[in-house]
Amino acid sequence: MSAVRKKLLFDIGSTYFKVAENGTIRHWFRDFNRPIFEDLMDKCGDLVAKYRPEEIQICSSANGGLSTLIIGISNSFSLKYAINIAFNSGINIIDTVLYHEIERATPPVETIDVVIIVGGIDGVGGIFDEKLIGFLEKCTFQNIVYVGSADERNFLSGHIRRLVVLENIITEKLKINERALKTYLTDLYQADIMGKEDIKQLYEITANQIFSTPYVVNRALPFISRRLDVTDPFIVIDIGGATTDIHYSRDLVSDNITGEGGYDRLVFKKLGVYKSRESLVHTARQNEFVYELLNHLNVTENVLEEESEAATKVLMQLAIFLVLYKVSRHHSEYVELKLENLNNIVLTGGITKVLEKEDAETIIRFFYKKLLHFHQIPEIVLDRNYEIWTYGMQAILENNEATKELP
Amino acid sequence: MSLFRREREIITRNEYVDHFDFDEIEEFVKNASKELFISHRFKTSDAMQVQPRGGFPTYEKVFRLYEEFKEAGVDVLPLTIDSNTRLNDYATAKKMLALSEENDVDMLNGYPLINHGYRTTRKMITHFDTPVSLRHGTPDARLLVEMALASGIFEIEGGPITYLLPYSKNFPLDKAFLYWKYVEKVCALYSKLNEPINRESFGPLSATLQPPAIVIVIQIIEMLLSLEEGVKSFSVSFSQTGSMIQDVVTANVIRKLSRRYADMFGHHDADIHLVYHQWMGAFPYNKEFSDALITASTVIAAMVGADKIITKTRNEAFGIPTKEANARAVASVKYTLGMLKGLPNVSDEEEEENLTNMVNEIMEAVLNDSADTLWRKVFNAIKKGHIEIPFSPHVINANEVITIRDPQENIRILERGKLPISDRSFAFERSKIRLKEGERVVDKIIKDIGIMQ
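Conventions used here
Residues numbered from 1 in each chain as written. Chains lettered and ligands numbered in written order. Predicted model: local features only at pLDDT ≥ 70, side-chain atom pairs only at ≥ 80, totals over all residues. Heavy atoms only, no water. Helix = DSSP H or I, 4+ residues; strand = E, 2+ residues; numbered from the N terminus. Contact = heavy atoms within 4.5 Å. Areas by Shrake-Rupley, 256 points an atom, 1.4 Å probe, with all protein chains shown as cover. Buried area = accessible area lost by both parts, 1.4 Å probe. Salt bridge = Lys/Arg side-chain N within 4 Å of Asp/Glu carboxyl O. Polar contact = N/O pair within 3.5 Å; in protein donor to acceptor, adjacent residues only side chain to side chain. Expected span 1.5 Å × (residues − 1). Buried < 20%, exposed > 50% of the residue type's maximum accessible area, 1.4 Å probe, protein only. Phe/Tyr/Trp six-rings, centres within 6.5 Å; stacked < 30°, edge-to-face > 60°. Lys NZ or Arg CZ within 6 Å of the ring centre and 35° of its normal. Patch = residues over 30% accessible without salt bridge, like charges linked within 9 Å, V, L, I, M, F, W, Y side chains within 5 Å. pLDDT = per-residue confidence, 0-100. Pairing = 2+ DSSP bridges.

Asks: Please clarify how the overall build of chain A should be interpreted in this entry.
Replies: Looking only at helices and strands, chain A has 14 helices and 15 strands in total. Put simply, of all contacts in chain A between residues at least 6 apart along the chain, 70% involve residues at least 24 apart. When the accessible surface of chain A is summed, it comes to about 17800 Å², and 45% of that surface belongs to carbon and sulfur atoms.

Asks: Help me understand the interface of chain A and chain B, please; the structure alone is not making it clear to me.
Replies: One frequent convention defines the size of an interface as the accessible area lost when the parts assemble. Across the boundary between the two partners, chain A contributes 21 residues, which contact 26 residues of chain B. Between chain A and chain B, a total of about 1800 Å² is buried, with carbon and sulfur atoms accounting for 46% of that surface. Together, Glu288(A), Tyr291(A) and Thr300(A) form the three largest contributors to the area buried by chain A at its contact with chain B, with a combined 28%. Connecting chain A to chain B are six salt bridges. Glu301(A) is paired through a salt bridge with Arg142(B); the nearest N and O atoms lie 3.3 Å apart. In this structure, the connection of chain A to chain B is made through 12 residue pairs in polar contact (both at pLDDT 80 or more). Put simply, the parts of the chain that give the side of chain A that touches chain B at least two residues each are helix 3 (78–88), helix 11 (290–296) and helix 13 (357–371) of chain A. Here the element with the most residues in the side of chain A that touches chain B is helix 11 of chain A; it accounts for three residues.

Asks: What is the right way to read helix 14 (residues 323–339) of chain B from this model?
Replies: Residue and element names in this part refer to chain B. Over its 17 residues, helix 14 extends 25 Å from the first C-alpha to the last, a length consistent with the 24 Å expected when each residue adds 1.5 Å. Residues of helix 14 that are buried include every one of Lys 323, Ala 325, Asn 326, Ala 327, Ala 329, Val 330, Val 333, Thr 336 and Leu 337, and no others. Summarising the contacts, the buried residues of helix 14 are in contact with strand 1 (49–51), helix 4 (59–71), helix 13 (287–304) and strand 8 (308–310).

Asks: Is there a simple way to explain the packing of aromatic side chains in this structure?
Replies: As enumerated under the stated definition, the model contains 31 aromatic pairs over all chains in all. The interplanar angle of 85 degrees and the centroid separation of 6.1 Å between the aromatic rings of Phe128(A) and Tyr146(A) together place this pair among those described as edge-to-face. Here the residue Phe128(A) occupies a position in the loop between strand 7 (112–117) and helix 4 (130–137), and Tyr146(A) occupies one in strand 8 (residues 141–146), the gap between them amounting to 18 residues. Side by side, Phe128(A) and Tyr146(A) carry an identical accessibility label, which is buried. Pairing Tyr291(A) with Tyr179(B) gives two aromatic rings, centres 6.5 Å apart and planes at 70 degrees, and the pair type is edge-to-face. Within this pair, whereas Tyr291(A) is found in helix 11, its partner Tyr179(B) is found in helix 10 (residues 173–191), the two belonging to separate chains. No difference in accessibility class separates Tyr291(A) from Tyr179(B), as the two residues are buried. Aromatic rings pair up to connect Phe289(A), Phe321(A), Tyr325(A), Phe366(A), Phe367(A), Tyr368(A) and Phe374(A) into one cluster. A cation over a ring is seen here: Lys353(A) above Tyr16(A), with NZ or CZ 4.9 Å from the ring centre.

Asks: Sorry, what's going on with the pattern of salt bridges here?
Replies: Two side chains carrying opposite charge are able to pair once their charged atoms lie near each other. What the rule picks out here adds up to 55 salt bridges over all chains. A salt bridge links Glu200(B) to Arg135(B), with the shortest nitrogen-to-oxygen separation between them at 3.3 Å. Of this pair, Glu200(B) sits in strand 5 (residues 198–200) while Arg135(B) sits in strand 3 (residues 132–135); the two residues are 65 residues apart in sequence, bridging distant segments of the chain. We classify Glu200(B) as buried; its relative accessible area is 0%. The class for Arg135(B) is buried, based on a relative accessible area of 7%. Residues Glu155(B) and Lys308(B) are paired through a salt bridge, measuring 2.9 Å at the closest nitrogen-oxygen approach. Of this pair, Glu155(B) sits in strand 4 (residues 155–157) while Lys308(B) sits in strand 8, placing them 153 residues apart in sequence. You'll find Glu155(B) and Lys308(B) in the same group, each marked buried. When salt bridges with common partners are traced through the structure, they connect Arg285(A), Glu301(A), Glu305(A), Glu7(B), Asp140(B) and Arg142(B) into a single cluster.

Asks: What is the right way to read a nonpolar patch on the surface from this model?
Replies: Taken together, the side chains of Leu99(B), Val105(B) and Met107(B) present a nonpolar region at the surface, about 220 Å² in accessible area. Looking at the secondary structure, you find Val105(B) in the loop between helix 6 (90–103) and helix 7 (113–116).

Asks: Please clarify how the confidence of the model for chain A should be interpreted in this entry.
Replies: Any residue range with low pLDDT should be treated as having predicted coordinates unsuitable for detailed reading. Summarising the model, chain A shows a mean pLDDT of 83, and 85% of its residues fall at 70 or more. Taken as a whole, residues 256–260 of chain A scores under 50 in pLDDT and shows four contacts with residues more than four places along the chain or in a different chain.

Asks: Would you explain the pairing of strand 2 (residues 16–21) of chain A in this entry?
Replies: Successive residues of a regular strand alternate their side chains across the two faces of the sheet. Residue and element names in this part refer to chain A. For strand 2, a buried count of six out of six residues is recorded, marking the element as mostly surrounded by other parts of the structure. Neither face of strand 2 is open: one carries Tyr 16, Lys 18 and Ala 20, the other Phe 17, Val 19 and Glu 21, and all of them are buried. Relative to strand 2, strand 1 (residues 8–12) is paired through five bridges, and the arrangement is antiparallel. The residue of strand 2 that forms the bridge with Leu 8 is Glu 21. Counted between consecutive antiparallel strands, the loop separating strand 1 from strand 2 contains three residues.

Here is the structure:
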């Protein structure tokens, strides 16, 4: 622990800066009109000046996300399906192009992180031609993926460099098959998190590696019980401005997953309540339980369109529900957790500034009753001061110190 | 203020609604003429009620249509709503209504009730003082139904399954259930003020090769969901199958089981009625054959003792029928019904037993789902394919059941998909099917589309 007292810790979130110094944590709301570094130095410059770069440790989740352009052949199937998958994977959609209108479409001026091309069921050919190649030549993109009819793969692979070909997202019954594209987009997002310019600039004040906040929070899990009243198995739900992460004990998973620590995490991009509010609402509207849930909270669905404090509170409650839903047996796309075995649910992140314990309890009670048919719920712990990330930092620093002392 | 009231205020505070006064509407419903309530007509008349279809964009045209219908002796007037309103696109409906009024050309395929407003529409409804049935096909009919009831339209057709799976591809089913729950609640609320508002399910579904077992299950479910919210008058329905004996068997079973399930759920005080739709598939191009088909449908409706018949016209194969063709059909059906007194009771015990078993087997699977509400049990059943509508375009529909006709033109289940019907029941269905040497099922199904042509 001594190592930590000499350090200044920062968590650069998408909505708040959090600073921990000598066990005291302070928060600043971010100014979205300014670059992260400039805003941080304006608010904490004096503090930073008191420490050497070796004494400053930073973690961040503010990478901004990925952007995509989707080219499809119909609004009803290919575009709609790809938009849905992109949203669910936490990707920002810059533009969509209907293929039969591609000659009239304006290529985006900005650099696109990933272009998605989709169209037709397997067995249908002759969909794409030189018009597509011509359009792509006018675009700047980092990655490109094809998820349409198998009959078009040869033509597209022969004309587009670095094209990644995945299985068709449209099944022969015209239903959505999202697994492969979703995994691809999610992996791309993970790879991107540390590479953004905004984050790189922070290296001017630290000589240490900048970690991603979900990584740091995950490292805190084995130590949480020292500071908070929790018992294994438990989960930590970190609901921030842009993302929602869930950290869980491996005991809660039946799958044979091999990995390092005893805890794992899932990151739900675009389930935040400020920066990714729109996609949180989109996800909520698609959830089959949400309308009953709103009714349970005694609000109408119009609350999803409101910009009030009350609406933000409901959105935060929705975020808790949606995360639990996504790891429950009702949803096969993510890891399924044995939620019925949980002893504690720890809530951390920006959510703890808005919700009271009973607000969280209401929603969790609804989830357990409605989806699991349980009347008892796990004990809820609110990380009111949002200090869990500091335990993770301590763990990392202690580990570094110990490593240094090794012969 | 209750959440429901708050929701109603938000729904009716729509930019295309120029005025909505809850107190005034309540007062109107309380004092409305009994003649506007089909539930009252069902109670006081033994005659089969005859109802055509129809709706035009402008007020004047609907008014003239109603005049024509009244002259032909209609019992129940229809109000068919346009497709834009059905999709909640009131902006387009408004533009098209203006164009229709300016140019005297029908730019909409029905009446845009929201844009006309309830005060205008009420003038027409009360003028004719005859029950009007709202026909629409809208999954989110909350505003439409508020406006209809405020206008004096006291029969509302549709339901979360029957107005969704056959009509829509992507609209979320869970939303449809909850939006229809709202509709049922409003109907139940107004039912307390005067005579009951009648709710009617839409039995024809996708109108092609619909097996009676599925039709009946869905009718019973929509009835239970409606009664659960407090509705007291409900009509189950089905359409002519193309086999006279299958129609008779279907009517006997649907009547018996809808009452049984209503009672099982404690709705002893609910009135349940039977509606028969004349042929809903493709009509012949020969108008005399159409007349014959309509007459045959009318005879069957009389044989099954329907409380109401919904008519078709001899012009059906040629587009939207004129008001004259519609009125002629009403007069013709009324005339035929006049001849059909004292018909013998017909039944087929073996067929009735098998159909009853299949309905009960599916219902048992639905009701055994672990969900805590009926609508979610049904929702889960559809997701699992325990209920599906053959040839439905909706993405949630399993589309695994295949139906074809047997040599007597009865609709039979050839592939049961995930329908939870027993091997015994399924074997009975399969035993009736005869496929000729080399005959392909797909050809038989395609041919069936033009079976009456």
